[in-house]
Amino acid sequence: MVKAGMTHDWNEWGIYVPLTVLQMKDCIVIGHKTEENDGYTAMQLGIHYKRPTSFTKAQKGLFAKNDVPPRRIIQEFHCSPEALLPPGTPFEARHFVAGQHVDVAGVTIGKGYQGTMKRHGFRGMSATHGTGTVHRSVGATGARQDPGKVWKGKKMPGQMGNKHRTILNLLVYEVDVENNCILVQGSVMGKAGNVVRVTDAHGFKFEFPPPFPTFTQAFLPRYTNPKMHEFRLTEGGPIHSYYHRFTRPWGKDFEEQPQADLYERTAEAAREQREAEELEAKKARERAEKLRRMLEATTSSSPRPSA
């Protein structure tokens, strides 16, 4: 997926929620790895078109064998044999469901060669009382004859950033089917336009079994207000709309409300509910328009592939 930028939202408890927009860009199934031929089962996905003349003969043979267009970045994802999709199938954001947790891996922003104050947060030396031009220096790095060396792992100046890192257990806050992107709660490494790898969280178990296949069934987590869900019917069944989002506040554990309390409302409560839904729909339209402008700016700034 491609990091498109950041935005925010206010949930129904009035809590500010920072969100990162991750978009699927021309993601298709390239090929398969099977237990019979490779010893494991995996699915190869590719994104970003690339000229065929830039590939090696082996890579061209892979694309020609599966009759798929070439892709610049190819990644493998382990899965069960029944979850394999035919080559050439578009892979969309509706594969994910609002409320699940994901692991996001990517490359951090490179800062270049930096000193210890910026790289490790050293306090630095005094700026007065006769201190020379060593205010930001590292200071002593070792002892005298014993041990007579600098210990491995000593914090010293060096390359900062530009490292492969993984952020664990990010919450999928919204699934935007129209723009083919997901909104995860929290920050993601890299700048806008960077490619990241998104997988199901390994350290966070599903409270309920995920729907299979994911784009034909609705997923309702435990801590969810049913009134906050809106679905649209398509040929493949109900899919998650822009308003389908996980509404559990961070750090708070709300018990499930009784079923009778959710649907037995007075006329005054129903009117307030309609007003709240209209306000929520207005905010959603504003967020969608802001997201559309952000995606257009990202697309216009990226170089177009040549035919």
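The following refers to the structure shown.

What counts, and where the lines are drawn
- Per chain, residue numbering runs from 1 following the sequence as it is written.
- Since the coordinates come from a predicted model, pLDDT governs what is reported: local features require at least 70, and pairs of side-chain atoms require 80 or more to be given and counted, while whole-chain, interface and lining totals use all residues.
- In computing side-chain properties, one takes all heavy atoms of the structure into account and sets aside hydrogens as well as water.
- Pairing between strands is defined by DSSP: at least two bridges between the two strands are required.
- Numbering of helices and strands starts at the N terminus; helices are DSSP runs of H or I of at least 4 residues and strands are runs of E of at least 2.
- Inter-axis angles, ranging from 0 to 180 degrees, are taken between N-to-C directions of lines fitted to C-alpha atoms, where helices are fitted over the stretch in contact.
- When checking whether two residues touch, look at their non-hydrogen atoms; a contact exists if any pair is within 4.5 Å.
- Stacked, edge-to-face and tilted labels apply to pairs of Phe, Tyr and Trp rings (six-membered ring for Trp) whose centres lie within 6.5 Å, assigned for plane angles under 30 degrees, over 60, and everything in between, in that order.
- In this scheme, the term charge over a ring applies when either NZ of a lysine or CZ of an arginine sits within 6 Å of the ring centre and within 35 degrees of the ring normal.
- Every patch collects residues that have over 30% relative accessible area and no salt bridge, joining them within 9 Å if they carry like charges and within 5 Å if they are nonpolar side chains (Val, Leu, Ile, Met, Phe, Trp, Tyr).
- All accessible-area figures derive from a Shrake-Rupley calculation using a 1.4 Å probe, and residue coverage is judged against the displayed protein chains alone.
- Salt-bridge detection follows one rule: a side-chain nitrogen of Lys or Arg within 4 Å of a carboxyl oxygen of Asp or Glu.
- For the purpose of charge, His is not counted, nor are the chain termini; Lys and Arg are scored as positive and Asp and Glu as negative.
- Throughout, a charge is located at the NZ atom of Lys, the CZ atom of Arg, the CG atom of Asp or the CD atom of Glu.
- Only protein chains enter the accessibility calculation, which uses a 1.4 Å probe; a residue is then buried when its area is under 20% of its type maximum, exposed when over 50%, and partly exposed in between.

Turning next to the sheet that holds strand E10 (residues 181–185). Strand order in this open sheet of 6 strands is E1-E2-E10-E9-E6-E11, and the pairing throughout is antiparallel. Pairing within the sheet leaves two strands with one partner each, and these edge strands are strand E1 (2–10) and strand E11 (197–200). Here the average twist between neighbouring strands, direction ignored, is 40°. Pairing of strand E2 (residues 16–23) with E10 involves 5 bridges; the strand directions are antiparallel. Residue pairing in the sheet places Leu22 in a bridge with Ile182 of E10.

The pairing of strand E6 (residues 101–107) with strand E9 (residues 164–176) spans 6 bridges and is antiparallel. Counterpart to Val102 in the pairing with E9 is Leu170. Direction of pairing for E9 relative to E10: antiparallel, over a ladder of 4 bridges. Along E10, the bridge assignment pairs Val172 with Val184.

Below, the discussion takes up the sheet that holds strand E3 (residues 28–33). An order of E3-E4-E5 is seen for the 3 strands of this open sheet, with the pairing classed as antiparallel. Two strands close off the open sheet at either side, each with one partner strand: E3 and strand E5 (71–78). Neighbour-to-neighbour, the strand axes of this sheet turn through a mean angle of 25°, independent of strand direction. As defined by bridge partners, E3 adjoins strand E4 (residues 42–49) across 5 bridges and the pair is classed as antiparallel. Looking at the pairing, Val29 lines up with Leu45 of E4. Taken strand by strand, helix H2 (residues 57–66) contacts E3, E4 and E5, and its axis lies near 100° from that of E3.

Our next topic: the packing of aromatic side chains. A complete count under the given rule lists 2 aromatic pairs for this structure. Here the aromatic rings of Trp10 and Tyr16 are separated by 5.2 Å at their centres, their planes lie at 75°, and the arrangement is edge-to-face. The interplanar angle of 75° and the centroid separation of 5.1 Å between the aromatic rings of Phe55 and Phe63 together place this pair among those described as edge-to-face. The ring of Phe77 has Arg197 sitting right over it, with the charged end atom 4.1 Å from the ring centre.

Moving on, we come to a positive patch on the surface. A cluster of basic residues, Lys111, Lys118, Arg136 and Lys191, forms a positive patch at the surface. Here Lys111 shows up in the loop between E6 and strand E7 (112–114). According to the relative accessible area criterion, Lys111 is partly exposed, its value standing at 41%.

So, on to the environment of Ala42. Here Ala42 lies in strand E4. When its relative accessible area of 0% is taken as the criterion, Ala42 is described as buried. C-alpha separation for the pair Ala42 and Ser80, spaced 38 residues apart in sequence, amounts to 7.6 Å. Excluding its chain neighbours within four sequence positions, the residues that come into contact with Ala42 are His32, Lys33, Glu76, Phe77, His78, Cys79 and Leu84.

This part covers the pattern of salt bridges. Evaluated as defined, the whole model comprises 7 salt bridges. With its nearest N and O atoms 2.9 Å apart, the salt bridge here joins Arg94 to Glu92. For Arg94, a relative accessible area of 24% translates into the label partly exposed. The network of salt bridges with shared partners includes Glu289, Arg292, Arg293 and Glu296.

On to unusual backbone geometry. With an omega of 10°, the peptide bond running from Asp146 to Pro147 counts as cis. The backbone phi angle of Asp26 is positive, close to 50°, even though this residue is not glycine. Summarising the element assignment, Asp26 is placed in the loop between E2 and E3.

Turning to the pairing of E1, a few remarks are in order. Relative to E2, E1 runs antiparallel, the two being bridged by 8 bridges. The residue of E2 that forms the bridge with Trp10 is Tyr16. Hairpin connection between E1 and E2: a loop of 5 residues separates the two successive antiparallel strands, and Gly14 in this loop has a positive phi of roughly 75°.

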